Amino acid sequence: MTGTHVRTHLAEVDWSMLEHAYGDASDVPGWIELLTGAETAEESLHNLWASVLHQGTLYDSTPPAMVSIASLLGARQAADAENTAWLLLMFADAVRDYEQVEVDDADTATIVRSARESLTRIAALVRPLISDAGPEAAAAALLQATAGTADSAALDTLGARASARPAGQVEQACVAALTTLGADASEALSDGDPGLVTAATLARIAAGDAATTDLDALVAGWELAVEVAPRIAFGVANLPEWLSAVNPDASAHVLAALPTPDEATIAGLVDVVIGSRRNAPAAVRRLLAFAALPEAAPETMIAALRQCPPTPEVCDSLGDLAERVTAGGTSAVGSSTFDTDARADSALALLRAGDGRWARPMAQAFLTNSAARGLMVSTSASGRSALGFALVREGAPSATMLVAGIRQALRQEPPADPSRDGAGHLAELLASWPAEAAAGALPEVRELLAVAPKHAAAALATWDDTACIARIREASVTGDATVLLALARLTRDPGDFHRVLDADLRYRESEVLAHWADRTDPRFLDWCRSLAGTEPATADYQRGDQLTALRILAAADSGGAETGWVVLRGILDAGRGPIDEAIGLAFEWRAQQLLSPEVRTDLESLLTDLVVTDRRDYNGPIAKASAAAAIALLDAGLPLPGTPARIAKVVTRAVADRYARGHGLRLTERLTAAPQPVRSAVAEALRSLVDRDERFDSTGDIAVEDERALARLRPILSNLETA
């Protein structure tokens, strides 16, 4: 298509009626035209990726934009042909991702259908590039396969180029595309070119093939396959990772057969563990075998095993590996670096597993690491947090050796970069333990008032350390609300409490609500009224504060429940944020007879509606809202609304949702006494989740949380099926 035709195509679309990530898509044609300029192509590609394909999201502007981009690329008018082709492959990948999940929104389903249809046009538009020599030619070949139809023109073009010699990247991509489409590539493979044979093998495996001959060939030709894979598959960072994503069965077989446990192989095995319930045991056994090798790097193996289900064998290995670590290290994310210690990572994994041996490696990290004061610990496959903060979240119990280690860490010189100082979180950890257990650390926490006044003051107030009142009063001259509140908690002076209300309380409201002494104080109640407001707040954390304020106001004056119902109802109706707290408060008021009969009826109707009608946020239906409402109705002895199919959907959606899983499991437990049609529908839906190979998504380590969920879900499901 010529430049004139491209501009005509752009003009035929009413872009102002379409949207992308940032709103009106009227700016899309301008960005596409800028792809032709050497000086403007890079910025234009970034704008297009960020707007019409934002983080892999499809919008109604995405399909026509991608067709226009393909027109430009196919006409060889893109200044950066390689990255323009890459953008089209990203689009094809996003379409496949959407097609692999349930889409119950009609508008989204329409966009996905349009996107799928556009792939056929895109494949035809870029087909002329297959005769070229650059990476865009290989991408054009791969785009033929994304259409999913064995178009004769596409097959002829692919076949002709696949047979060209000498064979290179483009020929390999053509063979992979032919194999993916189920076409005959024997002519191109007749001379046994190793690269082409490997391309065909990888394509068959990507399509789900697990033939022993192909897997054995992949093991034997692993080094060549490492080179070929990025040429014939989109987004291949490394072969083990890609293999684990596209074919866990093949990955488990191949990676377990590789003799050398390099980091990529270990990461691939971890991906198998995370992605496949069925293949995880074999992958874990191989990882344990690697960990037992004398030359194994303990840090690498701890990072791998802590993501595995915490079996006794895995816990034993984590403990043994931690004993081999003698020093900490550093890691980098972008331009930032932070201090790490594999012993702390091992200890946190053992703590999560309920293994009492966790305290020893944690104490060793504290006692022997010169950067223990600022350690960051792994909390998920890709996430880290300050060590003290992570231990508080896990409810870590106290131990004498840990207190000694933390005291030593707190006596270290603080990092040059204050943002890397985790001393405050260590003080928070100490404060989470009984005062008598942490009493020995009082001197170190008092010294922290100079560098971490908020955490230190809060800890000292928790321990009722009245001996440090003067020092905290001195630290409070900055006007920080947390320090002022700690002072008031210790002095119990109404004047000190009132000075808290004069401070900047943004993001500190929860602390004040939790620790205010006299909840009949008129000034405090006035502040609570301002927090409660007359309508739900925008942010979820603010809604939580509203609920606490409403509870306090109703306790001070029973009429506060009636006046606060409008706000409480709005929070309930939205379904997001602190839905449990909102339901709990509503039922407290209901039990205390603080709500009128009309409001009680409204509450029951609202909860019923939450069960049968989805509430949504930007991620789609809010699974937690429907499940929480269903549990509340059952707890109140009220009938559960909706058809058996709807109830089954509420349950399974919650169980599969990382933020609602606890609610889904509790609701499932309650339904063992439900009518038989409900039990049958729920059991059938849950059985499909339990028997599938894919793991549940999670907020932390996927395999660990999935195994825990299954351990709890299986007996409940058995009760449902036999009741």
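The present account deals with the structure reproduced in this document. Residue numbers here run from 1 along each chain, matching the order of that chain's written sequence. At least 70 in pLDDT is required for a residue's local features to be given in this predicted model, at least 80 for side-chain atom pairs to be given and counted, and no such filter applies to totals for whole chains, interfaces and linings, which use all residues. Side-chain numbers here rest on the full set of heavy atoms in the structure, without hydrogens or water.

## Brief notes about a negative patch on the surface
To keep things clear, this is the line we draw: Patch building starts from residues that exceed 30% relative accessible area and form no salt bridge, then joins like charges within 9 Å and nonpolar side chains (Val, Leu, Ile, Met, Phe, Trp, Tyr) within 5 Å. Throughout, the Shrake-Rupley method with a 1.4 Å probe supplies accessible areas, and for residues the shown protein chains are the sole cover considered. Any Lys or Arg side-chain nitrogen found within 4 Å of a carboxyl oxygen on Asp or Glu counts as a salt bridge. For the charge count, each Lys or Arg is scored as positive and each Asp or Glu as negative, with His and the chain ends excluded. To locate a charge, take atom NZ for lysine, CZ for arginine, CG for aspartate or CD for glutamate. Secondary structure follows DSSP: runs of H or I at least 4 residues long count as helices, runs of E at least 2 residues long count as strands, and numbering of each begins at the N terminus. A 1.4 Å probe rolled over the protein chains alone gives each residue an accessible area, and that area as a share of the maximum for its type sets the label: buried under 20%, exposed over 50%, partly exposed in between.
Taken together, the side chains of E19, D24, D27, D60 and D107 make up a negatively charged region of the molecular surface. Note on placement: D27 falls in the loop between β2 (23-24) and α2 (28-33). By relative accessible area, D27 is classed as partly exposed at 31%.

## A few points about the nonpolar core
Heads up, the rule is: Residues belong to one nonpolar core when they are buried, are Ala, Val, Leu, Ile, Met, Phe, Trp, Tyr or Cys, and are joined through side-chain atoms within 4.5 Å. Throughout, a contact is declared for two residues whenever any of their heavy atoms are within 4.5 Å.
Residues L58, L287 and W358 are the most contacted members of the largest nonpolar core, which totals 159 residues. Top element by residues in this core is helix α5 (residues 81-99). It accounts for 10 residues. Sequence-distant contacts of L58, that is, excluding residues within four places in its chain, are made with L53, F91, A94, V95, Y98, I111, V112 and A115. Counting residues in each nonpolar core, the second largest holds 80 residues, with L485, C528, A674 and L717 among its members.

## Here we look at the environment of N369
Within the secondary structure, N369 is located in the loop between α21 (359-368) and β5 (376-378). Taking the relative accessible area as the measure of exposure, N369 reaches 7% and is therefore buried. When residues no more than four places from it in sequence are discounted, the contact partners of N369 are G328, T340, D341, R343, Q364, L375 and Q412.

## Considering the packing of helix α36 (residues 597-612) against helix α37 (residues 623-635)
Note the following rule: Working convention: axes come from line fits to C-alpha atoms, limited for helices to the stretch in contact. Angles between N-to-C directions cover 0 to 180 degrees. The labels follow the angle: roughly parallel below 35 degrees, roughly antiparallel above 145, roughly perpendicular from 65 to 115, and oblique for the rest. Definitions for this section: a left-handed crossing has its near helix turned counterclockwise from the far helix by less than a right angle. A right-handed crossing has that turn clockwise. Each residue is assigned to one of three groups, with Ala, Val, Leu, Ile, Met, Phe, Trp, Tyr, Cys and Pro labelled nonpolar, Asp, Glu, Lys and Arg labelled charged, and all others, Gly among them, labelled polar.
Where α36 meets α37, the axes come as close as 7 Å, and the angle between the chain directions of the two elements is 135°. Considered as vectors, α36 and α37 are oriented oblique to each other. Crossing of α36 over α37 shows left-handed handedness. In contact with E604, L607, T608, L610 and V611 of α36, α37 contributes A625, S626, A629, A630, A632 and L633. Residues of the contact of α36 with α37, tallied by class, amount to eight nonpolar, two polar and one charged.

## Regarding the pairing of strand β3 (residues 329-333)
On a regular strand, one side chain projects to one face of the sheet and the next to the other, so that they alternate. Put simply, the rule reads: DSSP-based pairing: two strands are paired if at least 2 bridges between them are found.
Among the five residues of β3, zero are classified as buried, and the element is accordingly described as predominantly exposed. With five bridges joining them, β3 and strand β4 (residues 336-340) adopt antiparallel strand pairing. Within β4, the position partnered with G329 by the bridge is T340. A loop of two residues connects β3 with β4, the two strands running antiparallel in sequence, and G334 in this loop sits at a positive phi of about 65°.

## Regarding the pattern of salt bridges
The tally for this structure, following the rule as stated, stands at 48 salt bridges. In this structure, E323 engages R360 in a salt bridge whose closest nitrogen and oxygen atoms are separated by 2.7 Å. Of this pair, E323 sits in helix α19 (residues 312-323) while R360 sits in helix α21, and the two are 37 residues apart along the sequence. Given a relative accessible area of 40%, E323 falls into the partly exposed group. When the shortest N-O distance is used, the salt bridge between D355 and R357 registers 2.7 Å. Judged by its relative accessible area of 15%, D355 is buried. Shared partners join several salt bridges into a network, and the residues in it are R277, R695, D706 and E707.

## Quick look at the layout of surface pockets
The line we're drawing: Using only the protein atoms, space was sampled on a 1 Å grid; points where a 1.4 Å probe fits but cannot get out form cavities, open sets with protein on both sides within 12 Å along at least five of seven lines form pockets, and lining residues are those with an atom within 4 Å of a point. Grid points are joined across faces, edges and corners, and a volume is the space filled by probe spheres set on the points.
If you add up the space inside the second largest pocket, you get close to 680 Å³. Taken together, 31 residues form the lining of the second largest pocket, with A303, A304, Q307, A381 and R384 sitting closest to its centre. Elements with a contribution of two residues or more to the lining of the second largest pocket: α16 (263-275), α18 (298-305), β3, β4 and α20 (342-352). Taken together, the residues of the lining of the second largest pocket break down into 14 nonpolar, 10 polar and seven charged.

## Comments concerning the packing of helix α14 (residues 239-246) against α16
Packing of α14 against α16 leaves a shortest axis separation of 8 Å and a crossing angle of 15°. Between α14 and α16, the angle falls in the class roughly parallel. Note on packing geometry: the crossing formed by α14 with α16 is right-handed. Contacts from P240, E241 and S244 of α14 reach α16 at A264, T265, G268, D271 and V272. Residues that form the contact of α14 with α16 fall into these classes: three nonpolar, three polar and two charged.

## A short note on the environment of A723
Tracing the sequence through the fold places A723 in the segment after α41 (702-722). Overall, the relative accessible area of 54% leaves A723 in the exposed class. For the pair formed by A723 and T368, sequence separation is 355 residues and the distance between their alpha carbons is 56 Å. Ignoring any residue separated from it by four or fewer positions in sequence, one finds A723 in contact with T672 and R679.

## Considering the side chain of D496
Structurally, D496 is set in helix α30 (residues 494-501). Classification of D496 as buried rests on a relative accessible area of 2%. Sequence-distant contacts of D496, defined by excluding residues within four places in its chain, comprise R473, L487, A488 and T491.

## Topic: the state of the cysteines
What counts, and what does not: Criterion for a disulfide: a pair of cysteine sulfur atoms at a distance within 2.5 Å.
One pass over the structure, following the stated rule, counts zero disulfides. We note that C308 lacks a disulfide partner, and the nearest cysteine sulfur, in C315, lies 11 Å from it.

## A word on empty space enclosed by the protein
Following the criterion strictly, the structure yields two cavities of 30 Å³ or more and no others. What the largest cavity holds in volume is close to 60 Å³. When grouped by side-chain class, the residues that make up the lining of the largest cavity number eight nonpolar, no polar and three charged. In this structure, the second largest cavity spans a volume of roughly 50 Å³. Residue lining of the second largest cavity: D614, P621, I622, A623, S626, R646, K649, V650 and R653, and that is the complete set. For the lining of the second largest cavity, the secondary structure elements donating two or more residues are α37 and α38 (644-656). Sort the elements by how many residues they give to the lining of the second largest cavity and α38 lands first, with four residues.

## Side note on the packing of aromatic side chains
Here is the rule: Ring geometry is summarised as follows: Phe, Tyr and Trp rings, the Trp one being its six-membered ring, pair when their centres sit within 6.5 Å, and such pairs are stacked at plane angles under 30 degrees, edge-to-face over 60 and tilted between the two. As a reminder, the over-ring test applies to NZ of lysine and CZ of arginine, requiring each to be within 6 Å of the ring centre and within 35 degrees of the ring normal.
Inspection of the entire model under this criterion finds five aromatic pairs. Plain terms: the ring middles of Y507 and Y541 are 5.6 Å apart, the flat faces sit at 40° to each other, and that makes the pair tilted. Taken as a pair, Y507 in the loop between α30 and α31 (509-515) and Y541 in helix α33 (residues 540-556) lie far apart in primary sequence, 34 residues in all. Feature note: the residues F497, W516, F524 and W527 constitute an aromatic cluster, connected by ring pairs. Residue placement shows R277 over the ring face of F696; its charged tip is 4.9 Å from the ring centre.

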